[in-house]
Amino acid sequence: MRKFMALFRKELGAVFLSPLGYVTVAVYMSATGWTFLQAVQAQVGSRMQLEALHAISVLIWMPVLITVICMRLFAEEKRVGTIETLLTTSVPDVTVVLAKYCGAMAFVLVGLGGALASLPLLVMQAPGIEVVDGAALLGASIMLVLVAMCCTSIGVLVSLLTRNQIVAAICCFWAICVPLMIKPLMQAFPYVRQEVLDRLSVEQHILLYTGGILQAPPAVLYLTITVLMLFSAVRILESRRWI
Amino acid sequence: MQTLDETIMIRARALHRNFGRHPAVQGISFDVHKGEIVGLLGPNGAGKTTTLRMLAGFLRPSAGQVFIDGVDGYDGEEDVRNRVGYLPENAPLYGDMRVREYLAFRGRLKGMGRRALRQRIDAVLIMCDLRDRARSLIRTLSKGYRQRVGLADCLLHEPPCLILDEPTIGLDPNQIRQVRTLIQSFAESHTILLSTHILSEAELLCDRVMIMNRGSIIAADTPSALAGLRQGGEQIVAEVRGPADAIVAAVQQLPDVQDVRCSRLADDWLRLCFLGRGQGEGRMQFHTLACQEHWGVRELRAEVRHLEDVFAALTAESGSEEVPRA
């Protein structure tokens, strides 16, 4: 646990002891807020749950937030060469991956938390909206955290595959965008049933959770992908001794 | 699995390492005894770094075994890592950390307790002469100081064995001297295996050297023995005055002399270069002959050969080739 905490604290320090973390969170919050206000104006006259609209605004910018933190996780260590000193200490590979993942998740949670907590403030800017449903906001938050866990694990895995941060950033961004845009992507295939698309769609999951329907399958899906990605990351890290 | 010989710190047996189809290390075996400083020499791409990485546990051998202080590098990986202080090439460090902060981080990764770690950091800062830089950001340090931070990290968990990959690469002559002195000071309590390109450094620092080329060890002995081994005797230089043809003919007749070459100097003296067998027999025979023939002799000496000559000759003989690095 001591080794995990040492690495976890180092990851937090790398983000929060530099302006990068604060600037990224501020930009992320501004972007989600602006998107939300634009969406509210576009939805005037139609029926749409406010919390769901806000959650989707937060979701749209999530790949950027996760890419910024994940692109440097392993790619930077490989570029500088510190991966060699890190992996020749008696720290198990699984601890290295988990500590980096948790460090990245902590940052993502700060960004998500800030964006979600800003809803009441944003509502004050939108005319005609007075009440925010706390339960719906909680439901949306749970789903967003699950999606963030899944996307961050994909980011960790991608970062392991290259030593170039720019390549890592581009790959990371698109690798995260694919699951988030699974519904529009799959709609290109006419033989895929609508029911299947709804089951895979992140947007649909957010609408479900915001509406108070806390179904297990979406949660299981995201947790399974997270575990699979982290397991693959550990295996890839181990494999570098052999290749 | 334990090795039985307790005097051996590092034992490598039939180590192979391939990168794709390319064999970087080809079945090398060697022992490093406790308390020794052993140098690993070789041209670029000889397989030195790959060998050190396998010993430090960063890479796994494609075949063969490594034992550190009697512990199998595969079965007792964590145990081995606790016994080894490894400094990779160019001492990679986190530039955004301060020196003390970095050492504390590394100590925690190595599983050290808070109190022990604080004491040990103070000790290594003194050992590596880093006390006045303890609060400096690593990215602001000169290369020499960064190297010292890397060495301090190696020593932090008090490993009995240090593996140093080119510890003086890229340093200026003063920094090289400082780091060399530092390494010499560690030798009392550690077994050290280091790779280097600087052959004079190996001669000064190492009890034994191993010369690698194309993934194999082509020579291993003490630096002085290696120089002698290569030469098979001594290179003798003499400056004499007299009839050139007669002198060359007479010297060639001596039983322990061969390969006689003669050149005329500007002041009409002759310079003879020849190989004398044994330890001084050739010189004695030449001296006796010169006295008998009444030649004027103003110089007679055995040329000192350095490891550099041996290195150049051995690696030229076996050929050198760049191989891909991990």
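Located above this text is the structure these notes cover.
Everything numeric here is computed off the predicted structure, so don't read it as measured data.

### Overview of the overall build of chain B
1) Next: A count of helical and extended segments in chain B gives 11 helices and 14 strands.
2) Next: Rg of the C-alpha trace for chain B: 25 Å, well past the compact-globule value of 20 Å for 326 residues, more than 25% over.
3) Next: Based on the C-alpha atoms only, the size of chain B along its principal axes is roughly 80 × 45 × 35 Å.
4) Next: Looking at the 326 residues of chain B, the share that counts as buried comes to 53%.
5) Next: Taking the intrachain contacts of chain B between residues at least 6 apart in sequence as the baseline, contacts between residues at least 24 apart amount to 68%.

### Some points on the interface of chain B and chain A
1) Next: Across the contact, 28 residues belong to chain B and 23 residues belong to chain A.
2) Next: With both sides pooled, the region where chain B packs onto chain A buries about 2500 Å², and carbon together with sulfur makes up 58% of that total.
3) Next: The three residues of chain B that bury the most area against chain A are F58, R81 and L109 of chain B, which together make up 28% of that side's buried surface.
4) Next: At the junction of chain B and chain A, the tally comes to one salt bridge.
5) Next: Of the charged contacts in the structure, one is a salt bridge between E84 of chain A and R53 of chain B, with a shortest N-O distance of 2.9 Å.
6) Next: The tally of links from chain B across to chain A stands at nine residue pairs in polar contact (both at pLDDT 80 or more).
7) Next: Contributions of two or more residues to the side of chain B that touches chain A are made by strand 1 (8-19), helix 1 (48-56), helix 2 (77-83) and helix 3 (99-109) of chain B.

### What to know about the packing of aromatic side chains
1) Next: Following the criterion strictly, the structure yields eight aromatic pairs over all chains and no others.
2) Next: Their ring planes at 5 degrees and their centres at 6.0 Å tell us that F4 of chain A and F8 of chain A sit as a pair that is stacked. Here F8 of chain A and F4 of chain A lie together in helix 1 (residues 2-16), a separation of four residues that amounts to about one turn.
3) Next: By relative accessible area, which is 17% here, F8 of chain A ends up buried.
4) Next: In this structure an aromatic cluster arises from ring pairing among F16, Y22 and F107 of chain A.
5) Next: Above the plane of the ring of Y145 of chain B lies R148 of chain B, whose end atom (NZ or CZ) is 4.8 Å from the centre.

### Describing the pattern of salt bridges
1) Next: One pass over the structure, following the stated rule, counts 25 salt bridges over all chains.
2) Next: A salt bridge links E238 of chain A to R235 of chain A, with the shortest nitrogen-to-oxygen separation between them at 2.3 Å. Of this pair, E238 of chain A and R235 of chain A are both found in helix 14 (residues 216-239), three residues apart, which corresponds to roughly one turn of the helix.
3) Next: Measuring nitrogen to oxygen at the nearest pair gives 2.7 Å for the salt bridge that ties D122 of chain B to R100 of chain B. Residue D122 of chain B is found in helix 4 (residues 114-127), and its partner R100 of chain B is found in helix 3; the two are separated by 22 residues along the sequence.

### Quick notes on a nonpolar patch on the surface
Residue and element names in this part refer to chain A.
1) Next: Residues I166, I170, W174, V178, M181 and L185 make up a contiguous nonpolar surface patch of roughly 590 Å² in combined accessible area.
2) Next: With four residues, helix 10 (residues 165-180) is the largest single contributor of residues to the nonpolar patch.
3) Next: Note on placement: M181 falls in the loop between helix 10 and helix 11 (182-186).
4) Next: Residue class for M181 comes out partly exposed when judged on its relative accessible area of 35%.

### Here's the deal with helix 4 of chain B
Residue and element names in this part refer to chain B.
1) Next: Under the 1.5 Å per step criterion, the end-to-end length of helix 4 is 20 Å for 14 residues, consistent within 8% with the ideal 20 Å.
2) Next: Every buried residue of helix 4 is listed here: L117, R120, I121, V124 and L125. Projected down its long axis, helix 4 carries its buried residues within an arc of 135 degrees, all on one side. Across from the buried face of helix 4, at angles greater than 90 degrees, the exposed residues are R115 and Q119.
3) Next: As for helix 4, its buried residues are in contact with helix 3 and helix 5 (143-155).
4) Next: Looking one or two places after helix 4, you find D129, whose phi comes out positive at around 55 degrees.

### So, the environment of V237 of chain B
Residues and elements named next belong to chain B.
1) Next: Take V237: it is sitting in strand 11 (residues 234-241).
2) Next: Along the sequence, V237 and L300 sit 63 residues apart, while their C-alpha atoms lie 5.8 Å from each other.
3) Next: With near-sequence residues (within four places) excluded, V237 lies in contact with R271, L272, C273, E299, L300, R301 and E303.

### Description of unusual backbone geometry
Residue and element names in this part refer to chain B.
1) Next: Phi angles above zero are rare outside glycine, and D129 is one such case at about 55 degrees.
2) Next: With respect to the helices and strands, D129 occurs in the loop between helix 4 and helix 5.
3) Next: One non-glycine residue, R214, lies in the positive phi region at around 50 degrees.
4) Next: Within the element layout of this structure, R214 appears in the loop between strand 9 (208-213) and strand 10 (216-221).

### Section: the layout of surface pockets
1) Next: Its boundaries defined by the atoms lining it, the largest pocket holds a volume of some 1000 Å³.
2) Next: Lining the largest pocket are 37 residues, and of these K10, G13 and A14 of chain A together with M97 and E101 of chain B lie nearest its centre.
3) Next: Of all elements in the fold, only helix 1 and helix 5 (75-80) of chain A together with helix 3 and helix 4 of chain B reach the threshold of two or more residues within the lining of the largest pocket.
4) Next: Counting residues per element, the lining of the largest pocket draws most heavily on helix 1 of chain A, at seven residues.
5) Next: Classifying every residue of the lining of the largest pocket by side-chain character gives 16 nonpolar, five polar and 16 charged.

### Considering the sheet that holds strand 11 of chain B
Neighbouring strands of a sheet are bound in pairs by backbone hydrogen bonds; such pairs are parallel or else antiparallel.
Residues and elements named next belong to chain B.
1) Next: Taken together, four strands build an open sheet; the order of strands is 12-13-11-14 and the sheet is antiparallel. Each of the sheet's edge strands pairs with one partner strand only, and the pair in question is strand 12 (257-264) and strand 14 (296-303). With strand direction ignored, the average angle separating the axes of adjacent strands in the sheet is 20 degrees.
2) Next: As judged from the seven bridges shared by strand 11 and strand 13 (residues 270-276), these two strands associate in the antiparallel manner. Bridge assignment links E239 to a residue of strand 13, and that residue is R271.
3) Next: Along the sheet, helix 10 (residues 281-293) makes contact with strand 11, strand 12, strand 13 and strand 14, crossing strand 14 at roughly 175 degrees.

Criteria and cut-off values
Residues numbered from 1 in each chain as written. Chains lettered and ligands numbered in written order. Predicted model: local features only at pLDDT ≥ 70, side-chain atom pairs only at ≥ 80, totals over all residues. Heavy atoms only, no water. Helix = DSSP H or I, 4+ residues; strand = E, 2+ residues; numbered from the N terminus. Rg over C-alpha atoms; globule rule 2.2 N^0.38 Å. Buried < 20%, exposed > 50% of the residue type's maximum accessible area, 1.4 Å probe, protein only. Contact = heavy atoms within 4.5 Å. Buried area = accessible area lost by both parts, 1.4 Å probe. Salt bridge = Lys/Arg side-chain N within 4 Å of Asp/Glu carboxyl O. Polar contact = N/O pair within 3.5 Å; in protein donor to acceptor, adjacent residues only side chain to side chain. Phe/Tyr/Trp six-rings, centres within 6.5 Å; stacked < 30°, edge-to-face > 60°. Lys NZ or Arg CZ within 6 Å of the ring centre and 35° of its normal. Patch = residues over 30% accessible without salt bridge, like charges linked within 9 Å, V, L, I, M, F, W, Y side chains within 5 Å. Areas by Shrake-Rupley, 256 points an atom, 1.4 Å probe, with all protein chains shown as cover. Expected span 1.5 Å × (residues − 1). Arc of directions from axis to C-beta. 1 Å grid on protein atoms, 1.4 Å probe; cavity = no way out; pocket = protein on both sides within 12 Å on 5 of 7 lines; lining within 4 Å. Points joined across faces, edges and corners; volume = space filled by probe spheres on them. Nonpolar A, V, L, I, M, F, W, Y, C, P; charged D, E, K, R; others polar. Pairing = 2+ DSSP bridges. Axes fitted to C-alpha atoms, helices over the stretch in contact; angles between N-to-C directions.

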